[in-house]
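Commentary on secondary and tertiary structure
Below, each chain spelled out in residue letters.
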Amino acid sequence: MIFNPAEENEYEAACDLFVHRFDRWARENGIDADPFVAEAALEYRHIGTPDGRLGLWDQRHIEEFLLDWVPRSVTVLPDEEPADAPGTLRALLRYLDAVHLADPRGASLSEGLEAIEAAAPRYADAMADRSRWGMAKFWITTAAEQGVDVHDEQALQDFVARAQREEVPYDPEVLQAVVERQLRSSGPVRSEPQLPIALPGDDVLREQADRSPVLRQLRGLAEWAGREGRALTGSGRLRLSDARELAERLDTGDSPDSVRSSADLPRLNLLVEWAKTARLIRVAKGKLYVVAKAEPVLNDPLGLWRRAFDAFRELRGPVRGARGGRSGKSVLSDAYGAYDVYDVILPDVLATLYSLPYPMPWPALRDTVHLAHRSRSLLGAFATFEQADDDLRTVLAVLESLGAIECHWGMVDPVFADPATSENDIAGWAGIPTEDDGDLETSPGVLPGMPTGRAGLLGDVLSDDALLDGALLDEEATRRARKLKSELSAGPVELIRLTDLGSDSVRRRLLAEGRDAPLIGELAQAPAAGLLGVLADDYDPESARAELAGWIAVHGARPAALEQLVHTVRTMPFRTRAEAMLDVLVSSLDDGERLLRSLRSDPSLAPTALSLLARREILSPEDLTEPESLLMVAESLLQLCEATGADRMREVLHRQGREVEEALRAALASGHPDREGLAILQALAERVSRERKAHVALVRQRGHRENGRRGGKRRR
């Protein structure tokens, strides 16, 4: 379950429905749960986490919700008892599991309950710690403690006015702590979902890592340092004789003969700093030693490769001098100030390359980085970007030597340089607003045919508001767009892609940041409902077919596996979710249409199957029997009610009048298997009927009064 932040109406409708059913389930099962806390939990996952997955809960989500989100955002007035958030969260996880909405990539139910038990003893202290409060909670609580009726809007406005005039007593130290905490925590930015990727097993990755030139050099450096250590100069550098020997031994590519100091061997210095950062070697008492505890990782190619990759992001100055013998800061670092190439550009570049089904052309990557600079007016003083390009190439060259990326020359994939792509398309892709932008459904930076759910520079950076404020509407921008189109279509260009090792480590980093990064094969042991739910939410058609085939292969005979999948759709209580699950199932099977047709007569799944058959234009209205037509009407109304919420559905009923009343009567008489949903429709219909009768009576009453006054004398 996931909603785009812009889908607020859809999210609110789904949240209301979920909380309503959760509350009833809890009462039916004798569980004491607070619907408000359940709503807060969904809100936390929706807007308070990068991935926004409502059904995925692991230890970090549980701890952050109970010990940060609730203390910060849930206000407890002086005469109220704090809500039992741990107890409600326990019930929520049980409900997610019971109705098959739990994401199988999160913690299991037992693991989640254990995490709640571990965090619960700290919950009361966290709620009482005023430094954890949010700004709104601080002032609301302060007002209530001073006798203000916070439910009285005018009284609250008067309090705010007095606070602005500094006439309200408060604890300045607590307020300062609240402000500082808020400044430190700007909140997560919803990350764009990544496409699923396929990766080989660790044994294959280990073999690939063992072929990395950088790993060979890091091992050689650690072995050379040894446990006895190597003496350094007074300034902490390698002695020149040692540096010359080591540069030749490690085949760094430096030219040691003419240098006067080891500082003039940039590639060797990079390796030394890299090994230090990766905790393979250390300096102590003027000597360079191998780290004793690093021996296991030095003997594990994959573990060593992952450690080297993670350490690379912390390297700054050494990489700058790793090619061409230059030194000093990068233009990218200068431009971003606190945010340098490692904090901004490199993660975005890697996230852009990640999950791309085709190599990225260097000109496209280069110009995207240029636009990132221009959108922030960072390199406006530079006439050209040659030095910034060289800095980026330096970083990519080091990553290539590590084995994280592959570079080769070839023709650009048509998605980047299709001859049919218009100049307007390429200008829009380059971040230049076009006259058709108002009709675009995809964000800037996405060419037709490109996956729209891909993170990185082509989405996140190019969607910057600064790109749309007219800053790029100049001749230079147009010239660059035309030049880029020419480069991409003229002939072979340098193509860049992540290797399996690079994809594996980028994925690990994305997951560590709380972002979503599906891996084909990771759902092989998932419950059927979890499998279909994730496929419906996150997978492109090709990846879904591969994942489903792998799941079926490990779940026995194909007919039994398919029946298990169909059964889980049959038992899904939410109509829109059931249709999405069935849709992805039949789309991922070679004989999916035959399966869908066979479900036309299924007592439980017929409405869902009919809805899909009609949406796919396999059946027309004329093909439906009268009972099937009634089921279709009922299914449409039930899904509309789920998608819009009861209040908006009531508005629709009021507006449409007799036509919808007839549809409601047909739905209620259809025999649809969702008795709970029909009961909701019945209650809505009765409520609308009562409101309409009351309105008519009021109109008649007013009419009688007006008619009674007609012709009489006016009072002066």
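What you see is a predicted model, and the numbers here were worked out from it, not measured in a lab. (Residues numbered from 1 in each chain as written. Predicted model: local features only at pLDDT ≥ 70, side-chain atom pairs only at ≥ 80, totals over all residues. Heavy atoms only, no water.)

1. A short note on the overall build of the chain
- For the chain, the helix and strand inventory stands at 34 helices and 6 strands.
- The buried share among the 716 residues of the chain stands at 48%.
- Total accessible area on the chain is roughly 35,600 Å²; 49% of this is exposed by carbon and sulfur atoms. (Helix = DSSP H or I, 4+ residues; strand = E, 2+ residues; numbered from the N terminus. Buried < 20%, exposed > 50% of the residue type's maximum accessible area, 1.4 Å probe, protein only. Areas by Shrake-Rupley, 256 points an atom, 1.4 Å probe, with all protein chains shown as cover.)

2. Digging into a negative patch on the surface
- A cluster of acidic side chains, namely Glu 7, Glu 8, Glu 10, Glu 12, Asp 16, Glu 39, Glu 43, Asp 647 and Glu 651, defines a negative patch on the protein surface.
- Going through the elements one at a time, helix H1 (8-28), helix H2 (35-47) and helix H32 (646-656) are the ones with two or more residues in the negative patch.
- Assignment of secondary structure puts Asp 16 in helix H1.
- By relative accessible area, Asp 16 is classed as partly exposed at 49%. (Patch = residues over 30% accessible without salt bridge, like charges linked within 9 Å, V, L, I, M, F, W, Y side chains within 5 Å. Salt bridge = Lys/Arg side-chain N within 4 Å of Asp/Glu carboxyl O. Lys, Arg positive; Asp, Glu negative; His and termini not counted. Charge placed at Lys NZ, Arg CZ, Asp CG, Glu CD.)

3. Here's the deal with the packing of helix H27 (residues 558-570) against helix H28 (residues 575-587)
- Remark: H27 packs on H28, axes separated minimally by 9 Å, with the N-to-C direction vectors making an angle of 160 degrees. One way to sum up the angle between H27 and H28 is to call them roughly antiparallel. Here H27 and H28 pass one another in a crossing that is left-handed. Contacts between H27 and H28 pair Leu 565, Val 566, Thr 568 and Val 569 from the former with Ala 578, Met 581, Leu 582 and Leu 585 from the latter.
- For the contact of H27 with H28, the per-class residue count stands at 7 nonpolar, 1 polar and no charged. (Axes fitted to C-alpha atoms, helices over the stretch in contact; angles between N-to-C directions. Parallel < 35°, antiparallel > 145°, perpendicular 65-115°, else oblique. Left-handed = near helix turned anticlockwise from the far one by under 90°. Contact = heavy atoms within 4.5 Å. Nonpolar A, V, L, I, M, F, W, Y, C, P; charged D, E, K, R; others polar.)

4. Brief notes about the pairing of strand E2 (residues 281-284)
- Pairing analysis gives 4 bridges linking E2 to strand E3 (residues 287-290), with the strands arranged antiparallel. Considered in E3, the bridge of Arg 282 is made with Tyr 289.
- Here E2 hands over to E3 after 2 residues, with Lys 285 in that stretch at a positive phi of 55 degrees. (Pairing = 2+ DSSP bridges.)

5. What to know about the sheet that holds strand E1 (residues 230-231)
- Pairing is antiparallel in the open sheet, where 3 strands are placed in the order E1-E3-E2. If you trace the sheet from one side to the other, it starts and ends with E1 and E2, each paired once.
- Across the sheet, helix H10 (residues 213-225) is in contact with E1, E2 and E3; its angle to E3 comes to roughly 115 degrees.

6. Thoughts on the packing of helix H25 (residues 528-538) against H28
- Contact geometry of H25 with H28 gives a least axis separation of 8 Å together with a crossing angle of 85 degrees. Judged by the inter-axis angle, H25 sits roughly perpendicular to H28. Note on element contacts: H28 touches H25 through Arg 577, Ala 580, Met 581, Val 584 and Leu 585, opposite Ala 529, Leu 532, Gly 533, Leu 535, Ala 536 and Asp 537.
- Grouping the constituent residues of the contact of H25 with H28 by class yields 8 nonpolar, 1 polar and 2 charged.

7. Description of the nonpolar core
- Core analysis: the largest hydrophobic core is formed by 83 residues, its most contacted members being Phe 18, Phe 22, Trp 57, Phe 65, Leu 66, Leu 565 and Leu 585.
- Ranked by residue count, the leading element in this core is H1, at 8 residues.
- Within the second largest apolar cluster, 76 residues are counted, among which are Ala 225, Leu 268, Leu 484 and Leu 495. (Core = buried A, V, L, I, M, F, W, Y, C linked by side-chain atoms within 4.5 Å.)

8. Considering the environment of Asp 300
- With respect to the secondary-structure elements, Asp 300 resides in the loop between helix H13 (295-298) and helix H14 (301-312).
- The exposure class of Asp 300 is partly exposed, given its relative accessible area of 26%.
- Sequence separation between Asp 300 and Arg 206 is 94 residues, and the spatial gap between their C-alpha atoms is 7.8 Å.

9. Here's the deal with H10
- Between its first and last C-alpha, H10 extends 19 Å over 13 residues, near the 18 Å set by a 1.5 Å rise per residue.
- The first or second residue beyond H10 is Gly 226, which carries a positive phi of 65 degrees. (Expected span 1.5 Å × (residues − 1).)

10. Examining the confidence of the model for the chain
- On average, residues of the chain score 81 in pLDDT, and 81% of them reach the 70 mark or higher.
- Here helix H22 (residues 457-461) stands out as the least confident element of the chain, with mean pLDDT 35; helix H4 (residues 85-98) is the most confident, with 96.
- pLDDT under 50 marks residues 377-383. Its contacts with residues more than four places away, or in other chains, come to 9 contacts.
- Of the regions scoring below 50 in pLDDT, residues 710-716 engages in 0 contacts with residues more than four places distant in sequence or in other chains. (pLDDT = per-residue confidence, 0-100.)

11. A short note on the pairing of E3
- As paired elements, E1 and E3 share 2 bridges and run antiparallel to each other. Bridged to Ala 231 within E3 is Lys 287.

12. So, the environment of Glu 547
- Counting through the fold element by element, Glu 547 comes out in helix H26 (residues 541-553).
- In this structure the C-alpha to C-alpha distance between Glu 547 and Leu 535, which are 12 residues apart in sequence, comes to 8.2 Å.
- Setting aside residues no more than four positions away along its own chain, Glu 547 makes contact with Leu 519, Ile 520, Gly 521, Glu 522, Leu 523, Ala 524, Leu 531, Leu 535 and Tyr 539.

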